[in-house]
Amino acid sequence: MLDAPDPMYRAGVVSLLRPRPGITLVDDTAGPTVDAQVALIVRDAVEEATLRVLREIKYTSTARSVLVVADVDEAELIDAAECGIAGLARRADATPDRLVQAITTAARGDGYLPDDLVNGVLEAFSCLRARLPGPVEQRLTELSDREVDVLRCLASGLGTAETAQKVSATPNAPSRTSSTACRPGCS
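Attention here is on the structure that accompanies the text. For clarity, every value in this text was computed on a predicted model and none was experimentally measured.

Observations regarding the overall build of the protein chain
Looking only at helices and strands, the protein chain has nine helices and four strands in total. Relative to its full complement of 187 residues, the protein chain shows a buried share of 36%. Taking contacts inside the protein chain between residues at least 6 apart in sequence as the whole, the part at least 24 apart equals 63%. Here the protein chain displays about 10700 Å² of accessible surface, and carbon together with sulfur accounts for 53% of that area.

If you want it as structure tokens, here you go:
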């Protein structure tokens, strides 16, 4: 499924992908319930409207989302990941081969990210790990069972409202738990 509201982006993606074997484009006007393996979302930036589209696909479809944007920073990547993206490509790097690679990787159930973003995610994880007082398992034992349940739900891709409902908490509890367990910044 192709979701590109800008007619220039839509025409560009269609011209890049239509001749590619193994890729069948389905117009987004069919809606998120269309039987597509991958939803290709093309936007200028990761903003609230983009995140809304990604959430809708995540909760109403079995399609895995691949996001194509002009640029993205690590915080925006995390926001998009929370909305269930399986891949991300920068528009400037979106050659036919890279788009096909991102789409086929997502269709296989794997993830696709530019190398520099992978490195950023790994560095952020390394910083998080360095701030923990001991092995991750030791740190997790310092959390209550409820906090661990909240973190598991969030890690599995559930939103804060779904997580709150699942663990019978207020909607703000998952946010407080995740921010307590994963403080930003790395020294």
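That shown, we press on.
Examining the side chain of Arg43
Here Arg43 shows up in the loop between strand 2 (38–42) and helix 2 (48–60). Within the local environment of Arg43, its side chain forms a polar contact with the side chain of Asp3, the two groups lying 2.7 Å apart. Apart from residues lying up to four places away in sequence, Arg43 is in contact with Asp3, Ala4, Pro5, Tyr9, Thr50, Val53, Val68, Val69, Ala70 and Arg91.

Here's the deal with helix 4 (residues 96–107)
In a regular helix each residue adds 1.5 Å, so twelve residues correspond to 16 Å; helix 4 covers 16 Å between its end C-alpha atoms and thus fits that length. Its buried side turned inward, helix 4 meets helix 1 (7–17), strand 2, strand 3 (64–69) and strand 4 (85–90).

Points about the pattern of salt bridges
Note on pairing: side chains with opposite charge can pair once their charged atoms come close. Within this structure, the stated rule accounts for six salt bridges. The partner of Arg91 in a salt bridge is Asp44, with the nearest N and O atoms 3.4 Å apart. With Arg91 in the loop between strand 4 and helix 4 and Asp44 in the loop between strand 2 and helix 2, this pair connects stretches of sequence that are 47 residues apart. The class of Asp44 is partly exposed, set by a relative accessible area of 46%. Note that Asp110 is salt-bridged to Arg108, the shortest N-O span being 3.2 Å.

Section: the sheet that holds strand 2
Reading across from one edge, 1-2-3-4 is the order of the four strands in this open sheet, with parallel pairing throughout. Both edges of this open sheet fall to strand 1 (2–3) and strand 4, since each of them pairs with a single strand only. Of the pairings in the sheet, the one linking strand 1 to strand 2 comprises two bridges and is parallel in character. Bridged to Asp3 within strand 2 is Ile41.

Some remarks on the side chain of Thr50
One can find Thr50 in helix 2. Ignoring anything within four residues of it in the chain, the contact list for Thr50 reads Arg43, Ala45 and Leu67.

Brief notes about the layout of surface pockets
Where empty space is left becomes clear once a probe the size of a water molecule has been rolled over the atoms. Put simply, the second largest pocket is a space of about 270 Å³. Lining of the second largest pocket is provided by 15 residues; of these, Met1, Ile23, Thr24, Val38 and Ile103 occupy positions nearest its centre. Sorting the residues of the lining of the second largest pocket by element identifies strand 2 and helix 4 as the ones contributing at least two each. In terms of residue count, the dominant contributor to the lining of the second largest pocket is helix 4 (three residues). The class makeup of the residues in the lining of the second largest pocket is eleven nonpolar, four polar and no charged.

Examining the nonpolar core
With 20 residues, the main nonpolar core has Leu17, Leu40, Val42 and Val68 as its most contacted residues. Within the residue set of this core, elements represented by two or more residues are helix 1, strand 2, strand 3, strand 4 and helix 4. By residue number, the principal contributor to this core is helix 4, which donates five residues. Setting aside residues up to four positions removed in sequence, Leu17 forms contacts with Ile23, Leu25, Leu40, Pro96, Leu99, Val100 and Ile103. In this structure, Ala36, Leu54, Ala63 and Leu77 belong to the second largest nonpolar core, which totals 19 residues.

What counts and what doesn't
- Residues numbered from 1 in each chain as written.
- Predicted model: local features only at pLDDT ≥ 70, side-chain atom pairs only at ≥ 80, totals over all residues.
- Heavy atoms only, no water.
- Helix = DSSP H or I, 4+ residues; strand = E, 2+ residues; numbered from the N terminus.
- Buried < 20%, exposed > 50% of the residue type's maximum accessible area, 1.4 Å probe, protein only.
- Contact = heavy atoms within 4.5 Å.
- Areas by Shrake-Rupley, 256 points an atom, 1.4 Å probe, with all protein chains shown as cover.
- Polar contact = N/O pair within 3.5 Å; in protein donor to acceptor, adjacent residues only side chain to side chain.
- Expected span 1.5 Å × (residues − 1).
- Salt bridge = Lys/Arg side-chain N within 4 Å of Asp/Glu carboxyl O.
- Pairing = 2+ DSSP bridges.
- 1 Å grid on protein atoms, 1.4 Å probe; cavity = no way out; pocket = protein on both sides within 12 Å on 5 of 7 lines; lining within 4 Å.
- Points joined across faces, edges and corners; volume = space filled by probe spheres on them.
- Nonpolar A, V, L, I, M, F, W, Y, C, P; charged D, E, K, R; others polar.
- Core = buried A, V, L, I, M, F, W, Y, C linked by side-chain atoms within 4.5 Å.

Such coordinate-based values are descriptive only and should not be taken to indicate function.
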